[in-house]
Amino acid sequence: MDVVLWILQILLALAFAASGVGKMVVAKERVRERMPYVDEFTQGQLRLVGLVEFLGALGLVLPWATGIAPILTPLAAVGLAVTMVVAAGVHVKRKENFAINLVLLAVAVVIAIGRF
């Protein structure tokens, strides 16, 4: 089970790190091409969401890997799960597909349960 959780943690961390960095460093106008929902947010809000995603990605891996405050890993998974619930709400409001949010939510929940 530990190996499965590690695989899920790494995959989810990679997904959120990539998404987070993209939202933090790429101009909103360029992000809009791939993610039209960004119209709902200011550039600052988008960067904040990116920062939350990036820090969540770090929290999924580093605490558990280093043994320093490992409780932060399941807490990071819970935080990312909440982020996906909010993201799904934005997509529902805009009548967009939110299936990927549900998949990421499910993976985060599995990690949180497995690591608590």
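In case you missed it, the structure is sitting above this.
Note that this is a predicted model, so its numbers are computed, not measured. (Residues numbered from 1 in each chain as written. Predicted model: local features only at pLDDT ≥ 70, side-chain atom pairs only at ≥ 80, totals over all residues. Heavy atoms only, no water.)

A.B. asks: A description of a nonpolar patch on the surface should follow, citing residues and the corresponding values.
C.D. replies: On the surface, Ile-71, Leu-72, Leu-75, Val-78, Val-82, Val-86 and Phe-116 cluster together to form a nonpolar patch covering roughly 640 Å² of accessible area. By the secondary structure assignment, Phe-116 is in the segment after helix H5 (99-115). With relative accessibility at 58%, the residue Phe-116 sits in the exposed group. (Patch = residues over 30% accessible without salt bridge, like charges linked within 9 Å, V, L, I, M, F, W, Y side chains within 5 Å. Areas by Shrake-Rupley, 256 points an atom, 1.4 Å probe, with all protein chains shown as cover. Salt bridge = Lys/Arg side-chain N within 4 Å of Asp/Glu carboxyl O. Helix = DSSP H or I, 4+ residues; strand = E, 2+ residues; numbered from the N terminus. Buried < 20%, exposed > 50% of the residue type's maximum accessible area, 1.4 Å probe, protein only.)

A.B. asks: Account for the nonpolar core, naming residues and giving values.
C.D. replies: Proteins that are soluble and globular tend to have nonpolar side chains buried together. Leu-12, Phe-16, Leu-60, Ala-77, Met-84, Leu-104 and Ile-111 are the most contacted members of the largest nonpolar core, which totals 16 residues. The set of elements that each furnish at least two residues to this core consists of helix H1 (2-25), helix H3 (43-66), helix H4 (72-93) and H5. Among the elements that take part in this core, H4 stands out by supplying 6 residues, more than any other. Not counting chain neighbours up to four residues away, the residues in contact with Met-84 comprise Phe-16, Asn-101, Leu-104 and Leu-105. (Core = buried A, V, L, I, M, F, W, Y, C linked by side-chain atoms within 4.5 Å. Contact = heavy atoms within 4.5 Å.)

A.B. asks: Break down the packing of aromatic side chains for me, with residues and values.
C.D. replies: Applying the stated criterion to the full structure yields 0 aromatic pairs. A cation over an aromatic ring shows up here: Arg-115 above the ring of Trp-6, its NZ or CZ 5.5 Å from the ring centre. (Phe/Tyr/Trp six-rings, centres within 6.5 Å; stacked < 30°, edge-to-face > 60°. Lys NZ or Arg CZ within 6 Å of the ring centre and 35° of its normal.)

A.B. asks: Can you tell me about H3, naming the residues and giving the values?
C.D. replies: Between its terminal C-alpha atoms H3 stretches 34 Å, which fits the 34 Å expected from 24 residues at 1.5 Å a residue. Along H3, the helix axis deviates most sharply at Gly-59, where the bend reaches about 30 degrees; the proline Pro-63 sits within four residues downstream. For H3, the set of buried residues is Leu-46, Gly-50, Glu-53, Gly-56, Ala-57, Gly-59, Leu-60 and Pro-63. In this structure, the buried side of H3 is in contact with H1, helix H2 (28-34), H4 and H5. Gly-67 sits one or two residues past H3 and shows a positive phi near 80 degrees. (Expected span 1.5 Å × (residues − 1). Bend = angle between axes of the 7 residues up to and from the residue.)

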